[in-house]
Amino acid sequence: GRFSGYNKRYFAFEQGHMHRSAMMRYWVNGNPHEFTAARERLYKAIIVWDIKDVEELQKTQVIDGEPRWCFKATLFYRTYTLCAETQEERNEWTSLIIDAMSRRHPESEE
């Protein structure tokens, strides 16, 4: 089906460590490595430890006439639907997120 409300963004996964969550940083206007005018949304990064659930969507979405492979990331305060250009890229993102979620401190679950 057609995916409404889609805005193209460039995401980068920043690894966390034992005391700091991984982050999903993002830019509008393109890849910052290729386009110097790309603007990072500094205060809009996704804190991976805030993600409660990740679900790979089995049906591809058609965005701008091209198939996309999507997943949902459900946080405590909202749900994001993020799409990748390939199934492999989507699977890599979900694996990174699930791995980072597993490093969450037990006390953060309370």
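The structure under discussion appears in the preceding block.
Each value, and the rule that gives it
- Residues numbered from 1 in each chain as written.
- Predicted model: local features only at pLDDT ≥ 70, side-chain atom pairs only at ≥ 80, totals over all residues.
- Heavy atoms only, no water.
- Helix = DSSP H or I, 4+ residues; strand = E, 2+ residues; numbered from the N terminus.
- Buried < 20%, exposed > 50% of the residue type's maximum accessible area, 1.4 Å probe, protein only.
- Contact = heavy atoms within 4.5 Å.
- Core = buried A, V, L, I, M, F, W, Y, C linked by side-chain atoms within 4.5 Å.
- Salt bridge = Lys/Arg side-chain N within 4 Å of Asp/Glu carboxyl O.
- Lys, Arg positive; Asp, Glu negative; His and termini not counted.
- Pairing = 2+ DSSP bridges.
- Disulfide = S-S within 2.5 Å.

**Q** Got a minute to help me understand the side chain of Arg90 in this structure?
**A** Looking at the element boundaries, Arg90 is found in helix α1 (residues 87-101). Here Arg90 falls in the buried class, since its relative accessible area comes to 3%. Not counting residues within four places of it along the chain, the set of residues in contact with Arg90 comprises Glu56, Leu57, Trp69, Cys70, Phe71 and Ala84.

**Q** Is there a simple way to think about the nonpolar core in this case?
**A** In a soluble, globular protein the nonpolar side chains are often hidden away together inside. In this structure, Phe13, Met24, Val48, Ile51 and Ile97 are the most contacted members of the largest nonpolar core, which totals 19 residues. Broken down by secondary-structure element, the contributors of at least two residues to this core are β1 (10-14), β2 (23-28), β5 (51-56), β7 (66-75), β8 (79-84) and α1. With 4 residues, the top contributor of residues to this core is α1. Ignoring anything within four residues of it in the chain, the contact list for Ile97 reads Phe13, Met24, Val48, Ile51, Val54 and Phe71.

**Q** Looking at this model, I keep getting lost on the pattern of salt bridges. Mind explaining?
**A** Opposite charge on two side chains allows them to pair when their charged atoms are near. Applying the stated criterion across every chain yields a total of 5 salt bridges. The partner of Arg103 in a salt bridge is Asp99, and the shortest N-O contact between them spans 2.7 Å. What emerges from the salt-bridge pattern is a single network uniting Glu14, Arg20, Arg25 and Glu40.

**Q** I would appreciate a short explanation of the side chain of Arg68 in the present structure.
**A** Tracing the chain through its elements places Arg68 in strand β7. Of the side chains bearing the opposite charge, Glu85 lies closest to the buried Arg68, which forms no salt bridge; the N-O distance is 4.3 Å.

**Q** Would you take a moment to explain the pairing of β7 for this structure?
**A** For a regular strand, side chains alternate in direction, first toward one face of the sheet and then toward the other. Alignment of β5 against β7, held across 5 bridges, turns out to be antiparallel. Residue pairing across strands places Val54 opposite Ala73, the latter belonging to β7. Hairpin connection of strand β6 (residues 61-63) to β7: 2 residues between the antiparallel strands, including Asp64 at a positive phi of 50°. Looking at chain direction, β7 and β8 are connected through 6 bridges and run antiparallel. Pairing of Lys72 across the sheet is with Thr81, part of β8.

**Q** Got a minute to help me understand the state of the cysteines in this structure?
**A** Formally, a disulfide is one covalent bond, and it connects the sulfur atom of one cysteine to the sulfur atom of another. Scanning all chains against the criterion turns up 1 disulfide. Across the disulfide from Cys70 sits Cys83; the S-S distance is 2.0 Å. Residues Cys70 and Cys83 are joined by a disulfide whose S-S torsion is about 100°; by sign, that bridge is right-handed. With a gap of 13 residues between them, Cys70 in strand β7 and Cys83 in strand β8 connect regions that are remote in the sequence. On the accessibility criterion, Cys70 (0% relative accessible area) is buried. Relative accessible area serves as the criterion here: at 23%, Cys83 is assigned to the partly exposed category.

Any link to function would need more than the numbers given here.
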